[in-house]
Amino acid sequence: PALNHATFGYQRVIDQYVSLSVKAGYIGLYERDRHNSAYKAKRGGLIKIGLNLRLPNSFKRMTTLQQLHPLMGWYVRPEIVVSAWQQESYYYNPFGYSYHAYTANYLSGAFLFNVGGQWLLSNRLSFGIYGGAGYGFQLFDGAPAEQGSGFVREPYAYTHLHLGEYTPLVASGGMMVGVLF
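Residues numbered from 1 in each chain as written. Predicted model: local features only at pLDDT ≥ 70, side-chain atom pairs only at ≥ 80, totals over all residues. Heavy atoms only, no water.

Caption draft 1: Spatial organisation of the pairing of strand β1 (residues 5–13). Where β1 and strand β2 (residues 18–27) come together, nine bridges link them in antiparallel fashion. For Y10, the partnering residue across the bridge sits in β2 and is V22. Where β1 folds back onto β2 in an antiparallel hairpin, the turn is made up of four residues. (Pairing = 2+ DSSP bridges. Helix = DSSP H or I, 4+ residues; strand = E, 2+ residues; numbered from the N terminus.)

This is the structure we're talking about:
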């Protein structure tokens, strides 16, 4: 909620070392810029799909029963993420002495390679952190949002962060709290 979106997910164990992770979210929990009336709240959604490939436990120490759980331990996760949102904005026309409204539509996607860890805090509660990098794109009203095109690239795309105007490199990170059932 701190970054104006909420994401809910489902993780399903496929094999002892593989699990499928699907997440969906809503963008626009609150009006972010209350001091500038030229920008209204953003509204949209996001989806993330990835495979958690759990890394094997170390042979140097004895593992406990809790550590043998298929959702417990370090993992790598290749992930595809897509987020789409729109923002209503106003601009001032100095020749007509009036404000005009327009709606900007953004579509952003990326292929990420995340590394993270997930731990069971009890029989019903899990906690995880992750971070990663990848390759991404962003469209502004259906056209690529790049420097010099007249469109502004939004650096933060709710599922990832664009690392610059001239590069398609993106980064991602976060933490998760889950309930096992």
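Next comes the rest of the write-up.
Caption draft 2: Just empty space enclosed by the protein, in detail. Within the structure shown, the criterion is met by one cavity of 30 Å³ or more. Looking at the largest cavity, its volume works out to about 60 Å³. Around the largest cavity sit Q11, Y17, V18, S19, N52, R54, P70, L71, M72, G73, Y75 and Q118, which together line it. Contributions of two or more residues to the lining of the largest cavity are made by β2, β3 (39–54) and β4 (73–93). (1 Å grid on protein atoms, 1.4 Å probe; cavity = no way out; pocket = protein on both sides within 12 Å on 5 of 7 lines; lining within 4 Å. Points joined across faces, edges and corners; volume = space filled by probe spheres on them.)

Caption draft 3: Up close: the environment of L161. Of note, L161 is situated in strand β8 (residues 161–162). For the pair L161 and G173, spaced 12 residues apart in sequence, the C-alpha to C-alpha distance is 9.1 Å. Apart from the residues lying within four places of it in its own chain, the contact partners of L161 are P155, Y156, L169, V170 and A171. (Contact = heavy atoms within 4.5 Å.)

Caption draft 4: Fine view of a nonpolar patch on the surface. A contiguous nonpolar surface patch, about 960 Å² in accessible area, is contributed by I14, L20, V22, I47, I49, L51, L53, I80, V82, L107, F111 and F137. Among the elements of the structure, β2, β3, β4 and β5 (98–120) are those that each provide at least two residues to the nonpolar patch. Ranked by residues supplied to the nonpolar patch, first place goes to β3 with four residues. Assignment of secondary structure puts F111 in strand β5. What makes F111 partly exposed here is its relative accessible area of 48%. (Patch = residues over 30% accessible without salt bridge, like charges linked within 9 Å, V, L, I, M, F, W, Y side chains within 5 Å. Areas by Shrake-Rupley, 256 points an atom, 1.4 Å probe, with all protein chains shown as cover. Salt bridge = Lys/Arg side-chain N within 4 Å of Asp/Glu carboxyl O. Buried < 20%, exposed > 50% of the residue type's maximum accessible area, 1.4 Å probe, protein only.)

Caption draft 5: Representation of the environment of T159. As for its placement among the helices and strands, T159 is situated in the loop between β7 (143–144) and β8. T159 gets classed as buried once you look at its relative accessible area, which sits at 4%. When the C-alpha atoms of T159 and S83 are compared, they prove to be 6.6 Å apart, with 76 residues separating the residues in sequence. Excluding its chain neighbours within four sequence positions, the residues that come into contact with T159 are L46, K48, V81, V82, S83, L112 and S172.

Caption draft 6: Here's a closer look at the nonpolar core. Counting residues in hydrophobic clusters, the biggest one holds eight residues: I27, L46, W85, A104, Y106, F140, A157 and Y158. Sequence-distant contacts of L46, defined by excluding residues within four places in its chain, comprise H5, T7, K23, A24, G25, I27, V82, S83, Y158 and T159. (Core = buried A, V, L, I, M, F, W, Y, C linked by side-chain atoms within 4.5 Å.)

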